[in-house]
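The chain contents come next:
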Amino acid sequence: MKRYGYFLDLLKLDIEKYPVIAVVGGGGKTSLIYRLNEELQALGKKVIISTTTHMAYDPMLPLVKSTCIERVPKILKEHGFAAVADIEETSGKMCAIEEAALKKLVPFCDVMLIEADGAKRKPLKVPADWEPAIPDFADVVVSVIGLDCLGKPICETAHRAEYTSSFLEKNLEAPVTAEDIEKIATSVHGLYKNVDHKVYRVYLNKADILPDSSPAEHIVEDLAKQGTIAAYGSLREAENYEDCIDHAGSWKQSAVWKQ
C-alpha cells in the first residue's frame, strides 16, 4: 500500500504553518519536489511548482507561463497542481518568472514548491557568491545532499568543485567525509546560506547505495546535536518502508528500496 505523506513526515514539514518550500543543494532536488507533489495531491492539496533558476520539466505537469499567469487559479481547480514557469528554448527546462509575480500566487495554492538552486546532477554543492536563489517569501529551506559523494574525490562529486575545495580547505582530490557533509549542511557559507529566519531541513539522498546506514545515521545524529533537523533515505521507487526509533526517542524513518 502506498504511504501518503512519507517524505512530508520524514522531513517534519508543517505545510499548514509553512506552505512555501524552497529546495537547494545537490542532485535530487527535482525528484524530491515531484515526490512531495505526489504526496500533497494524495492529501487533496493545491500545489504550485516553480523555480528561481532552472528545473527539469515533466510534460505531464500542467504548465502556466508568465504570459498567461492569470490562468493559475483555473488550472489548480481543474488539476490540483500546476507548474508556473517559462520554458528555456535551448534546454527545454523550466526557468524562473519574476519573483514578485510568483509571490502573488501564494494565496491561490495550499503549498508552493520551488527549486532554488542548480547542481548539474552532482550530489554535493557549496554555493557561489550569487547562490542560492531562495525567494524572500519562502517559509522553509530544504537542503539536499547525495550520499554517493562519501569517500569520493571533491573534483568528481561537487558542482563547481573549486568552491567546495576552498570551503573545506582541502585539495580537489581529497575524498568527501561525513564531517565535510555536516560542515556544508550547517555553515552560513554552505547550504545554510541565505536561510535567515526560515525553517531549515537537510535531506540526505541515496542512502540506498551505502553498504550500511551507519554513516547516514551518524550525520543525522550530529546535525541534531547542532539543532538541525535532518533525515536520510532514497528517492528511488519504494518497495517497502521500515520505521525505527532514533536515539532521541522520536520517529526516524528509513527505507528499503529496489529499482
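Structure: see above.
Note that the structure is a prediction, hence the values are computed from the model and not measured. (Residues numbered from 1 in each chain as written. Predicted model: local features only at pLDDT ≥ 70, side-chain atom pairs only at ≥ 80, totals over all residues. Heavy atoms only, no water.)

Trainee: Explanation requested: the layout of surface pockets in the structure shown.
Mentor: Gaps between atoms show up when a probe of the same size as a water molecule is rolled over them. Counted as a void, the largest pocket has a volume near 730 Å³. Forming the boundary of the largest pocket are 28 residues, of which K93, E115, A119, K120 and R121 lie nearest the centre. (1 Å grid on protein atoms, 1.4 Å probe; cavity = no way out; pocket = protein on both sides within 12 Å on 5 of 7 lines; lining within 4 Å. Points joined across faces, edges and corners; volume = space filled by probe spheres on them.)

Trainee: Can you help me understand the sheet that holds strand β7 (residues 94-95) in this one?
Mentor: The strands that make up a sheet pair up through hydrogen bonds in the backbone, lying either parallel or antiparallel. The three strands lie next to each other as β3-β7-β6, forming an open sheet whose pairing is antiparallel. The sheet terminates laterally at β3 (54-55) and β6 (86-87), the two strands that pair on one side only. Alignment of β3 against β7, held across two bridges, turns out to be antiparallel. Considered in β7, the bridge of H54 is made with C95. (Pairing = 2+ DSSP bridges. Helix = DSSP H or I, 4+ residues; strand = E, 2+ residues; numbered from the N terminus.)

Trainee: Sorry, what's going on with the sheet that holds strand β13 (residues 229-232) here?
Mentor: If you walk across this open sheet you meet the eight strands as β4-β5-β2-β8-β1-β10-β12-β13, and the pairing is parallel. In this open sheet, the two edge strands, each paired with only one partner strand, are β4 (63-64) and β13. With four bridges connecting them, strand β1 (residues 20-25) and strand β8 (residues 111-115) associate as parallel partners. Bridging across to β8, A22 finds its partner in I114. Along the sheet, helix α3 (residues 72-79) makes contact with β2 (47-51), β4 and β5 (81-84), crossing β5 at roughly 145°. (Contact = heavy atoms within 4.5 Å. Axes fitted to C-alpha atoms, helices over the stretch in contact; angles between N-to-C directions.)

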